[in-house]
Amino acid sequence: MPTWKKILIGFSLIAFFGAAAGYYLYNKKPADVRRLQPDLSVTANFLILAFNSDEAAANLKYLDKVIAVKGIIADIKIDSSTGQASVILDSGDPLSAVTCSFYNDEIGAVQKLSKGTEVVIKGKCTGKLMDVVLNNCSIIQ
Amino acid sequence: MKNLMIIAVVFFLLQPSFAQKRYFTKTGTVSFRAGTAVEDIDGLNKSATCVFDASSGDIQFAILIKGFEFKSALMMEHFNENYMESDKFSKSIFKGKIINLDKINFLKDGTYPVKVKGILEIHGVKKEVETNGQFKVLGETVIAIAEFEIVLEDYAIAVPSLVKDKISKTARIKVNCSNSILK
């Protein structure tokens, strides 16, 4: 095979894999948090305490991480018009709690929960507003 | 006459406790569209905080920028890292007033047009905005709905020329917060 042919084949292979990788990245969906192992496990009380005492340090530790949070259910919000489900975990602090917003198809599992019971929820920590907020949540236990 | 005075004074003293009614939610939604005909770019945040006072008309919304969900991982990464710089500017806040409060009857179910004016902070830039929305009063629940447009440049959000046919110069923002009465 002449050299120019080899080079041509080499280049077209690189171009093909480059395009395939680009296409793959372009269409890649955000990671399904339900399939990820939690990086950290904490109680709702501990999480709020960490954010209240030093928000910058807590951000470094928890922000963008998948965490499992154990706590007592203070409230359950289900909006049937949008198919949205959220659970609010009590933290012992009346001014802040942990708000967990669930995947829309987890609504059935959320409906089975009841206020005042203990639950472990896995989700991605997006920071603190009034509450510490978890996104893409599902129930572990 | 004296009795009447006492009644008037008692009424006057009691009024604040009658009138002070606050509504709030931590699970409102804020979504935006900034795509073009070439590409859809939509983000959804399901943990918006909203609180308003039905007697003073003070109203506030707040969201965490990292809380926006996207259909594509790359879009989410670009949104957080390149455009909104969410590590630096983690929150977006609106603080304002309902300016036609007298037209809303919180005791009567119905849909009321609402005018809101205040300061909107996005990407660390504060700007005065005014927009129209709706309040849907349903017993002790008030659903606050608004839809408005912002110009990305106003908030120092730079779009590289390479992708300017994919990203719109404006973002259409939709707010939908179902507020419950705070007892």
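The following refers to the structure shown.

1. Topic: the interface of chain B and chain A
Thinking step 1. Between chain B and chain A, the contact holds 23 residues from the first and 28 residues from the second.
Thinking step 2. Both sides of the chain B and chain A interface together cover about 2200 Å² of buried area, and 56% of this is carbon and sulfur.
Thinking step 3. Inspection of the region where chain B meets chain A yields 3 salt bridges.
Thinking step 4. Of the charged contacts in the structure, one is a salt bridge between Lys91 of chain B and Glu55 of chain A, with a shortest N-O distance of 3.9 Å.
Thinking step 5. Our count for the contact surface shared by chain B and chain A stands at 7 residue pairs in polar contact (both at pLDDT 80 or more).
Thinking step 6. Put simply, the parts of the chain that give the side of chain B that touches chain A at least two residues each are strand S1 (22-35), strand S2 (42-53), strand S3 (58-64) and helix H2 (73-83) of chain B.
Thinking step 7. Here the element with the most residues in the side of chain B that touches chain A is S1 of chain B; it accounts for 4 residues.
Thinking step 8. Of the residues assigned to the side of chain B that touches chain A, the class counts are 8 nonpolar, 7 polar and 8 charged.

2. Here's the deal with the pattern of salt bridges
Thinking step 1. Per the counting criterion, the structure on display carries 16 salt bridges over all chains.
Thinking step 2. Linked through salt bridges whose partners overlap, the residues forming this network are Asp32, Arg34, Asp105 and Glu106 of chain A.

3. Examining the packing of aromatic side chains
All names here are of chain B.
Thinking step 1. For the structure shown, the criterion picks out 13 aromatic pairs over all chains.
Thinking step 2. Centroid distance Tyr23 to Phe52: 5.0 Å. Interplanar angle 10°. Geometry classified as stacked. Residue Tyr23 is found in strand S1, and its partner Phe52 is found in strand S2; the two are separated by 29 residues along the sequence. Neither Tyr23 nor Phe52 differs from the other in exposure class; each is buried.
Thinking step 3. Ring geometry for Phe68 against Phe79: centres 5.4 Å apart, planes inclined by 70°, an arrangement best described as edge-to-face. On the criterion of sequence distance, the pair formed by Phe68 in strand S4 (residues 68-69) and Phe79 in helix H2 is long-range, its members being 11 residues apart. Here the two residues Phe68 and Phe79 agree in accessibility, since each one is buried.
Thinking step 4. Here the aromatic cluster, defined as three or more aromatic residues joined through ring pairs, consists of Tyr23, Phe52, Phe106 and Phe135.

Rules used throughout
- Residues numbered from 1 in each chain as written.
- Chains lettered and ligands numbered in written order.
- Predicted model: local features only at pLDDT ≥ 70, side-chain atom pairs only at ≥ 80, totals over all residues.
- Heavy atoms only, no water.
- Contact = heavy atoms within 4.5 Å.
- Buried area = accessible area lost by both parts, 1.4 Å probe.
- Salt bridge = Lys/Arg side-chain N within 4 Å of Asp/Glu carboxyl O.
- Polar contact = N/O pair within 3.5 Å; in protein donor to acceptor, adjacent residues only side chain to side chain.
- Helix = DSSP H or I, 4+ residues; strand = E, 2+ residues; numbered from the N terminus.
- Nonpolar A, V, L, I, M, F, W, Y, C, P; charged D, E, K, R; others polar.
- Phe/Tyr/Trp six-rings, centres within 6.5 Å; stacked < 30°, edge-to-face > 60°.
- Buried < 20%, exposed > 50% of the residue type's maximum accessible area, 1.4 Å probe, protein only.

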